[in-house]
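If you want the building blocks of each chain, they are given just below.
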Amino acid sequence: HGRYDNRDFLTLVGDDPQATREVLRAVQEGRGTELTDGVDVLRTCRACVTPEAENVDLRLEVIGHDVNRALGLESLTEEGDRAVESLGLPEVPAPEARAAALEALLRERNAFREELQAGMRERIKDVDGLMEVISHCINCYNCRVACPVCYCRECVFVTDTFQHESRQYLGWATKRKRLRMPTDTLFYHLTRLAHMSTLCVGCGQCTSACPMDIPVGELFSTVAEGTQAVFDYVPGRDPEEEQPLAFFREDELQEVTGQVK
């Protein structure tokens, strides 16, 4: 169903070592994932419309199962079949309640996703709105470090390109009569958006890592929704599938380029 923010999870486990089991029981009973004091799974998780693992050999199933008795283990490949066979596990049908539970969960998440992304699109409809969303950024780059799909071997933002000397800051302040600190914040987030618009998987790790509570995960996933739709690309759908913008197709985006066959 999703994950709790790192800080919330530590609090939950500290108060109750059996917190995970209690969460699963609450979900099974239809009480949802929100616990006491308004603690809930990440908003990006509540907006995730792929609750089942894909492109895996074995899938551990919780939704629709009686967690007090057992969890489901589904094989999706021949390798998975061999693993299940080697474990000597009996083959049993999935609970009848599973399909209905998944359908209800997806309805809820699709509705929440539309609401969340509509709100974010309204907030970032212009540069001023984007600046307001990221206004508390301190350029710690935690969101970049925490991101599981940030793959550049060398990030331009940790090179000499952005290691400015004190005299440069003074010169800019003199010329502009003011200087926002830290500098280059907008450029950093626009660069991240360019990368995340095709690769974001909506895991929410960036939001959890941000010390200023900026909803970067919601920002990235909202922008990515549009870009990935244009290229009909879903990160992780097929490891062999080429990433958008990493290759060239002559007949791509003709409505933008104005090409005529």
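The structure contained in this document is the topic of the report that follows. (Residues numbered from 1 in each chain as written. Predicted model: local features only at pLDDT ≥ 70, side-chain atom pairs only at ≥ 80, totals over all residues. Heavy atoms only, no water.)

This part is about a nonpolar patch on the surface. Taken together, L58, L60, L71, L73, L87 and L89 make up a surface patch of nonpolar side chains, about 540 Å² in accessible area. Looking at L71, the relative accessible area reads 41%, which means it is partly exposed. (Patch = residues over 30% accessible without salt bridge, like charges linked within 9 Å, V, L, I, M, F, W, Y side chains within 5 Å. Areas by Shrake-Rupley, 256 points an atom, 1.4 Å probe, with all protein chains shown as cover. Salt bridge = Lys/Arg side-chain N within 4 Å of Asp/Glu carboxyl O. Buried < 20%, exposed > 50% of the residue type's maximum accessible area, 1.4 Å probe, protein only.)

Considering soluble globular proteins, one finds that nonpolar side chains tend to be buried as a cluster. Core analysis: the biggest nonpolar cluster contains 21 residues, and I214, V216, L219 and F220 have the highest contact counts within it. Only helix 6 (127-133), helix 9 (185-199) and helix 11 (216-230) provide two or more residues apiece to this core. Per-element tally for this core: the top contributor is helix 11, with four residues. For L219, the contacting residues outside a window of four places in its chain are M120, I124, L130, I134 and L193. Counting residues in hydrophobic clusters, the runner-up holds eight residues, among them Y4, V23, V39 and C45. (Core = buried A, V, L, I, M, F, W, Y, C linked by side-chain atoms within 4.5 Å. Helix = DSSP H or I, 4+ residues; strand = E, 2+ residues; numbered from the N terminus. Contact = heavy atoms within 4.5 Å.)

Turning our eyes to something else, we now look at helix 9. Given a rise of 1.5 Å per residue, 15 residues ought to cover 21 Å, and the 21 Å separating the end C-alpha atoms of helix 9 matches this to within 8%. All of the buried residues along helix 9 are T185, Y188, H189, R192, L193, M196, S197, T198 and L199. Of the surrounding elements, those touching the buried residues of helix 9 are helix 6, helix 7 (142-146) and helix 11. (Expected span 1.5 Å × (residues − 1).)

With that out of the way, let us pick up unusual backbone geometry. Leaving glycine out, the prevailing phi sign among residues is negative, and the prevailing peptide bond configuration is trans. Positive phi outside glycine occurs at N139, with the angle close to 55 degrees. Counting through the fold element by element, N139 comes out in the loop between helix 6 and helix 7.

The next subject is the environment of L73. Within the fold, L73 resides in strand 2 (residues 72-75). As a C-alpha pair, L73 and E61 span twelve residues in sequence and 5.9 Å in three-dimensional space. Contact partners of L73, with chain neighbours within four places excluded, come to L58, R59, L60, V84 and L89.

On the surface, a cluster of negative charge is made up of D57, E78, E79, D81, E85 and E91. Tracing the backbone shows D57 in the loop between helix 3 (43-46) and strand 1 (58-61). Judged by relative accessible area, which is 38%, D57 ranks as partly exposed. (Lys, Arg positive; Asp, Glu negative; His and termini not counted. Charge placed at Lys NZ, Arg CZ, Asp CG, Glu CD.)

Interaxial distance between helix 9 and helix 11 falls to 7 Å at its minimum, and their mutual angle equals 55 degrees. Regarding the angle of helix 9 to helix 11, the classification is oblique. Helix-helix and strand crossings are classified by hand; for helix 9 and helix 11 the assignment is right-handed. When helix 9 is examined against helix 11, the residues H189, R192, L193, M196, S197, T198 and L199 are found in contact with a partner set consisting of V216, L219, F220, V223, A224, T227 and Q228. Residue classes in the contact of helix 9 with helix 11 are distributed as eight nonpolar, five polar and one charged. (Axes fitted to C-alpha atoms, helices over the stretch in contact; angles between N-to-C directions. Parallel < 35°, antiparallel > 145°, perpendicular 65-115°, else oblique. Left-handed = near helix turned anticlockwise from the far one by under 90°. Nonpolar A, V, L, I, M, F, W, Y, C, P; charged D, E, K, R; others polar.)

Alternating positions in strand 1 separate cleanly, R59 and E61 being buried on one face and L58 and L60 remaining unburied on the opposite face. For strand 1 and strand 2, the ladder comprises four bridges, and the chain directions are antiparallel. Considered in strand 2, the bridge of E61 is made with G72. (Pairing = 2+ DSSP bridges.)

With that settled, consider the pattern of salt bridges. Summed over all chains, the structure comprises 13 salt bridges. As a salt-bridge pair, R59 and E74 come within 2.9 Å of each other at their nearest N and O atoms. With R59 in strand 1 and E74 in strand 2, the pair connects residues that are 15 residues apart, well separated along the chain. Ionic pairing is found between E61 and R98, a salt bridge with its closest N-O pair at 3.5 Å. You can see E61 sitting in strand 1 and its partner R98 sitting in helix 5 (residues 97-123), a full 37 residues away along the chain. The class of R98 is buried, set by a relative accessible area of 8%. Through salt bridges with shared partners, one network takes in E52, R59, E61, E74 and R98.

This is a description of form; function is not addressed.
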